[in-house]
Amino acid sequence: MMANQIASFFATQPDADKAGRVADHLREFWEPRMLDQLYAHLDAGGVGLSPLALDAAQKLRATA
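Given the structure is predicted, the values throughout are model-derived calculations rather than measurements. (Residues numbered from 1 in each chain as written. Predicted model: local features only at pLDDT ≥ 70, side-chain atom pairs only at ≥ 80, totals over all residues. Heavy atoms only, no water.)

Student: Looking at this model, I keep getting lost on the pattern of salt bridges. Mind explaining?
Tutor: Once the charged atoms of two side chains with opposite charge are near each other, the side chains can pair. For the coordinates displayed, the defined rule picks out five salt bridges. For D17, the salt bridge identified is with K59, shortest N-O distance 3.3 Å. Of the two residues, D17 is situated in the loop between α1 (2-11) and α2 (18-29) and K59 in helix α4 (residues 51-63); the sequence distance between them amounts to 42 residues. The residue D24 makes a salt bridge to R27 at a minimum N-O spacing of 2.8 Å. Within this pair, D24 and its partner R27 are both found in helix α2, separated by three residues, close to a single helical turn. (Salt bridge = Lys/Arg side-chain N within 4 Å of Asp/Glu carboxyl O. Helix = DSSP H or I, 4+ residues; strand = E, 2+ residues; numbered from the N terminus.)

Student: How should the environment of R61 be read in this particular structure?
Tutor: Structurally, R61 can be placed in helix α4. Accessibility expressed as a relative area gives 34% for R61, which makes it partly exposed. Note: C-alpha distance between R61 and D36 (25 residues apart in sequence) is 9.7 Å. The residues contacting R61, other than those within four sequence positions of it, are Y39, L42 and D43. (Buried < 20%, exposed > 50% of the residue type's maximum accessible area, 1.4 Å probe, protein only. Contact = heavy atoms within 4.5 Å.)

In structure tokens form, the structure reads like this:
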């Protein structure tokens, strides 16, 4: 839910790489156990994540 809220905010910003901005925010402000939960949710299919939050989570994981 929180990842979707963050993605919703960045969706309104003029940045070209919105998913990258969401991923940067998660990397900077989320503690490791929160990221672990997000990655576990991705492994389970990522149901409920908005398309932008899903893209950001996948980008974040690829660079983790």
